[in-house]
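# What the coordinates show
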Amino acid sequence: MIKVEGLSKNAGAVEILKDLTLSIPPGGITALIGPNGAGKSSLLHCIAGLDRPTSGMVRIDGTDPFSCPDRERARHLAFLQQSQPVVPRLTVRDMVAFGRWPHHGGRPRPEDAEATEQALRAFELEDLSERPLEVLSGGQRQRALVAMTYAQATPWLLLDEPLNALDPRHAHDLMRRLNDLSHAADERSVVVVLHDINAAARWADRIIAMKDGRIAAEGLVAEVLTGEVLRDLYDTPFDVLVHGGRPLVVTV
Amino acid sequence: MVERRVLWLVGALIALSALFLLWQLRAPMGFILSLRGTKLASLILVGAATGIATVLFQTVAGNRLLTPGIVGFDALFVFIQTALVLSLGGIGYATLPSVAKFLFETGALVGTGLLLFGGLLLRDARDLTRMILTGVILGVMLRGLAEMMQRVMAPSEFAVVQQALFATFGAVDTNQLWIAGALLGAATVAALRLAPALDVAALGRDRARSLGLGYDFLMLQALALVAVLVAVATALVGPMTFLGLLAASLAREITGTHRHAAVLPAAGLMGALILVAGQFGFERLLSRQSALAVMVEFFGGLLFLLLVLRRRSV
């Protein structure tokens, strides 16, 4: 369980997170949606222990990510950020293998190599494995980064806009894989920031909608994805249809 | 493949060193070999220390254009040496035991380097322009302070400072070679031990931290090693700004990898190769004594401009 209580975060004079309190139960996919500047990425950074909040508390399965040793935290929670610098000459295989760092700390074991291969297979990266990241397309690079997070083999996965630069097929495949992971026997809990509301509608188990650094709505998909909530969230009218038993959102 | 390329560099350095020692060797052989050996050792030590320091610094800075010299690490060394001469006097400085003096200067550089560059550069690490400007301004300020101290010195003290500050391989203190060699060896072993962690650190602070790397502590360790290596190189022959850039860039091209376990030794070997080959060419083939430092700076500076322009066009 991720618990956040009274969380506030200031960037200079600007309050980007305002006294947030929320709980994310383990298992399934929790989607964070909301307009640009709502504070979604800032919230993930605080939960991942990368940005210390101005006030408030974060607990991941009862552990404070800011007082927990770095490697221990990284064995429990993997975080894929939005923008990633590309290291020249870094191959896809080496990038994915970095996901095993929290487990071996620089002394890779055979099981780490196996986990890397498994991640490469899971994201169909075998053919690209020896290519440097700088020659890949944005979408291929994004798959490699998600594969690295997957190889980290943590109970919690935090992904900040992982569908960026992915074509519809690979976006669908990624969300399907996250769905499989989050509902498998060794279930992993996925928290994902999405701008594609229909991807959230199709794959999420729960949705947290944020606006202006606050929680605007949270709950099951059908509870959050209503025309009224979405209009207030994005200041734009939406129609919510039903397709295959799931909401389908279209702008009016 | 990568390992083989590093071994090629080792072979090239051994062959070149043999050529440097034995080319047109005449009697008295023992004396000439001893002179050439001292010079060869200083060239290898300075080249290796500068190459390794530059790769480490580029990882700390997250930028492959920077060298410790560009952001003022050398200037800090100049400042420390000048301050030492001013406070102890020319004779006091000159009569200090060379090993103790060397160790004190290295310690002072590590301490102040961590304080100044660790604080300022790491804080600005995400903003390249600000980081370079911070470093350059720090360098200018330190050089200005050193110059101010030099202006109020007695001429004899000024001569002592000048002797210490110009890059020359002709007058290396043999006592310092041993301690420099030991420090370089220890720093190289420490750097290689950090190599896998430095690979992760190259991904950037947030990504490395989310992979469980103790990023800030690692960066301080790397900066301390940079300070030791810069001290080794600068104390032996004086400041050389662009040698490291040449060595690190060529090492990356030759190894073709991002892995520090290969790039660090390759940069050390490349730095040594450039200096030994350059000194051999100028001294033995062209009969020029002191042109090496100037030429290395010239070509290193050209490479810096080329890399900046290429980066801008990308």
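Residues numbered from 1 in each chain as written. Chains lettered and ligands numbered in written order. Predicted model: local features only at pLDDT ≥ 70, side-chain atom pairs only at ≥ 80, totals over all residues. Heavy atoms only, no water.

You'll find chain B entered in an unreviewed UniProt entry as Iron complex transport system permease protein, with Poseidonocella pacifica given as the organism. According to UniProt, the comment filed for chain B under the heading Sequence similarities (unreviewed entry) is "Belongs to the binding-protein-dependent transport system permease family. FecCD subfamily." What UniProt records for chain B under Subcellular location (unreviewed entry) is the sentence "Cell membrane". (UniProt positions renumbered as here; feature names shortened; annotations may be inferred.)

The name that an unreviewed UniProt entry assigns to chain A is Iron complex transport system ATP-binding protein, with the source organism given as Poseidonocella pacifica. UniProt lists a comment for chain A under the heading Subcellular location (unreviewed entry), and it reads "Cell membrane". Regarding chain A, the relevant UniProt record gives this comment under Sequence similarities (unreviewed entry): "Belongs to the ABC transporter superfamily."

Take the sheet that holds strand β7 (residues 189-193) of chain A next. All names here are of chain A. Strand order in the open sheet formed by 6 strands is β5-β6-β7-β3-β8-β9, with mixed pairing between adjacent strands. The open sheet has two free edges, formed respectively by β5 (77-80) and β9 (214-220), since each of these has just one partner strand. Across the sheet, the axes of successive neighbouring strands diverge by a mean angle of 15°, strand direction being ignored. Bridge analysis of strand β6 (residues 156-160) against β7 gives 5 bridges, and the strand direction is parallel. Paired with Asp-160 across the strands is Val-193, a residue of β7. Those strands touched by helix α1 (residues 40-47) are β3 (29-33), β5, β6, β7 and β8 (206-211), and its axis lies near 150° from that of β6. Strands β3, β8 and β9 of the sheet are contacted by helix α10 (residues 227-234), whose axis makes an angle of about 35° with β8. (Pairing = 2+ DSSP bridges. Helix = DSSP H or I, 4+ residues; strand = E, 2+ residues; numbered from the N terminus. Axes fitted to C-alpha atoms, helices over the stretch in contact; angles between N-to-C directions. Contact = heavy atoms within 4.5 Å.)

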